[in-house]
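Spelled out, the chains give:
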Amino acid sequence: MDHFSLVDGAMHCEGVPLSVIAEAVGTPVYVYSTATLKRHARVFREGLAGAGDVHLAYAIKANPNLAVLRVMADAGYGADVVSGGELARALAAGIPASDVVFSGVGKTVTELTTALEAGLGQFNLELEEEGVVLAGLAAARGLVANATLRVNPDVDAGTHAKISTGKRENKFGVPIDQAPAIFGRLAGLPGLALRGVAIHIGSQLSDLAPLEAAYRRVGELVTELRGLGFPIERVDLGGGLGVPYREGDVLPSPAEYGAMVARATKDWGVRLMFEPGRVIAGNAGVLLTKVIWVKPGAINPYVIVDAAMNDLARPAMYDAWHDFRAVHPTGERMVANIAGPVCESGDTFAMGRDIDAVKSGDLAIFRTAGAYGATMASTYNSRALVPEVLVDGDRFAVVADRILPETILAAERIPEWLTPGD
Ligand SMILES: *Cc1c(COP(=O)(O)O)cnc(C)c1O
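Residues numbered from 1 in each chain as written. Predicted model: local features only at pLDDT ≥ 70, side-chain atom pairs only at ≥ 80, totals over all residues. Heavy atoms only, no water.

### Some words on the site of the ligand
So, point 1. Not every one of the 14 residues close to the ligand is listed here, only the nearest: Lys 61, Ser 203, Glu 275, Arg 278 and Tyr 372.
So, point 2. Here an oxygen atom of the ligand and a side-chain polar atom of Ser 203 are 2.3 Å apart.
So, point 3. Gly 240 has a polar backbone atom sitting 2.9 Å from an oxygen atom of the ligand.
So, point 4. Contact with the protein chains hides 94% of the accessible area of the ligand, taken as 390 Å² for the molecule alone.
So, point 5. Residues of the shell around the ligand, tallied by class, amount to 3 nonpolar, 6 polar and 5 charged. (Near = heavy atom within 4 Å. Polar contact = N/O pair within 3.5 Å; in protein donor to acceptor, adjacent residues only side chain to side chain. Areas by Shrake-Rupley, 256 points an atom, 1.4 Å probe, with all protein chains shown as cover. Nonpolar A, V, L, I, M, F, W, Y, C, P; charged D, E, K, R; others polar.)

### So, the environment of Ala 284
So, point 1. For Ala 284, the location among the structural elements is in the loop between α10 (278–281) and β14 (285–295).
So, point 2. When the C-alpha positions of Ala 284 and Leu 37 are compared, they lie 5.7 Å apart, and in sequence the two are 247 residues distant.
So, point 3. Residues contacting Ala 284, with those up to four places away along its chain left out, are Phe 4, Val 31, Tyr 32, Ser 33, Thr 36, Leu 37 and His 40. (Helix = DSSP H or I, 4+ residues; strand = E, 2+ residues; numbered from the N terminus. Contact = heavy atoms within 4.5 Å.)

### Some details on the packing of aromatic side chains
So, point 1. Taken as a whole and assessed by the stated rule, the structure comprises 8 aromatic pairs.
So, point 2. Plain terms: the ring middles of Phe 44 and Phe 274 are 6.3 Å apart, the flat faces sit at 75° to each other, and that makes the pair edge-to-face. Taken as a pair, Phe 44 in helix α2 (residues 34–47) and Phe 274 in strand β13 (residues 271–274) lie far apart in primary sequence, 230 residues in all. No difference in accessibility class separates Phe 44 from Phe 274, as the two residues are buried.
So, point 3. Their ring planes at 35° and their centres at 4.3 Å tell us that Phe 349 and Phe 366 sit as a pair that is tilted. Residue Phe 349 is found in strand β18 (residues 348–356), and its partner Phe 366 is found in strand β19 (residues 363–366); the two are separated by 17 residues along the sequence. (Phe/Tyr/Trp six-rings, centres within 6.5 Å; stacked < 30°, edge-to-face > 60°. Buried < 20%, exposed > 50% of the residue type's maximum accessible area, 1.4 Å probe, protein only.)

### Considering empty space enclosed by the protein
So, point 1. Enumeration according to the criterion identifies 2 cavities of 30 Å³ or more in this entry.
So, point 2. For the largest cavity, the full set of lining residues is Phe 44, Leu 211, Gly 238, Gly 239, Gly 240, Leu 241, Tyr 257, Phe 274 and Pro 276.
So, point 3. Of the residues belonging to the lining of the largest cavity, the class tally is 6 nonpolar, 3 polar and no charged.
So, point 4. By volume, the second largest cavity amounts to about 30 Å³.
So, point 5. Along the walls of the second largest cavity sit Arg 150, Val 151, Asn 152, Pro 153, Thr 165, Gly 166, Phe 172, Gly 173, Ile 199, His 200 and Ile 201, which together make up its complete lining. (1 Å grid on protein atoms, 1.4 Å probe; cavity = no way out; pocket = protein on both sides within 12 Å on 5 of 7 lines; lining within 4 Å. Points joined across faces, edges and corners; volume = space filled by probe spheres on them.)

Right, here's the structure in full:
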């Protein structure tokens, strides 16, 4: 459920007509609903009520906007970060370092050091050598780094190949059968407290079965590790729960997910940790855009909108579907392709789709754009970096400015040796 709906024929976010935001801020612009973020944070937490001791770390990469992070911090969430930049955001939003989990396959020594000195809650190690390096950095500072070892359970998440992370051939984690030996070599290192294991098998999972299969393998590993004398206190189960992108899509609810977790982890006796991203932010945002032209096409007309693949990369990157709606629908329909102005055929949001009829100058939205939307935006084609707006009831604020092409141009320079006439 979200808070984007038609009121008197006009699409609103909570109490604010989207046309008011377009007028004030221009288009394209991302619009987020505070009520939806809060609702998702609550429903996810409630779904896990039967799962015992739980730590929730919002996966910042889904939507790292500072204001969004503040909403999540106020909802009692920690953060899962995958870079030093994301760690800085989490701290700037007021999330305590002790509630931050650092994931990521390529943490640099600089990032590890900064995180250690900030008092980071947990490092999810991706390889043995990272554990050795981290232990050395911590011991040299008289610190002890809390860590888990990320394992790769070799489970097919059944999602898009580019967002599958738990297959043997993926770059993430250590092969699950090598975990006991790696524990043996890392567990005694001064500076390192290896407290458990972590997994994350992929994103936009539409079926709980692969998650349950992965959790069962982790359960077996926990038993094996304890049998070898390693005290396992934490298991980080990652994120990955999918969201409906198309009207009528049915996905596992947080309650169904929580019931599965409770079942699969019943005897573990650990602190369970979760890293939800998309399920929190996905349906809490839309990309608001304006139709520039309706251009006749060979088969169907092209609706050319002022948003493009640089603003919302998911269709070009993952063949993703985003529902398209007119902000003031007339009730008429049309079959059209929807594309942006970027000079790539991949800059196409939909082909031959049955949509609300629109004409030049109309406002429209791409729904379910709150996760992996603005954060993947670029300035390709020397377009502006898309701004973001947060709505709360009947008020709204610009929470990220539109970065204009001239600002980006001002950060570039021509070296003197290219100056003509020298
Ligand atoms: C991306 C990521 C997440 C969040 O995934 P969602 O599908 O958005 O829930 C969680 N943990 C790790 C390690 C990730 O890389």
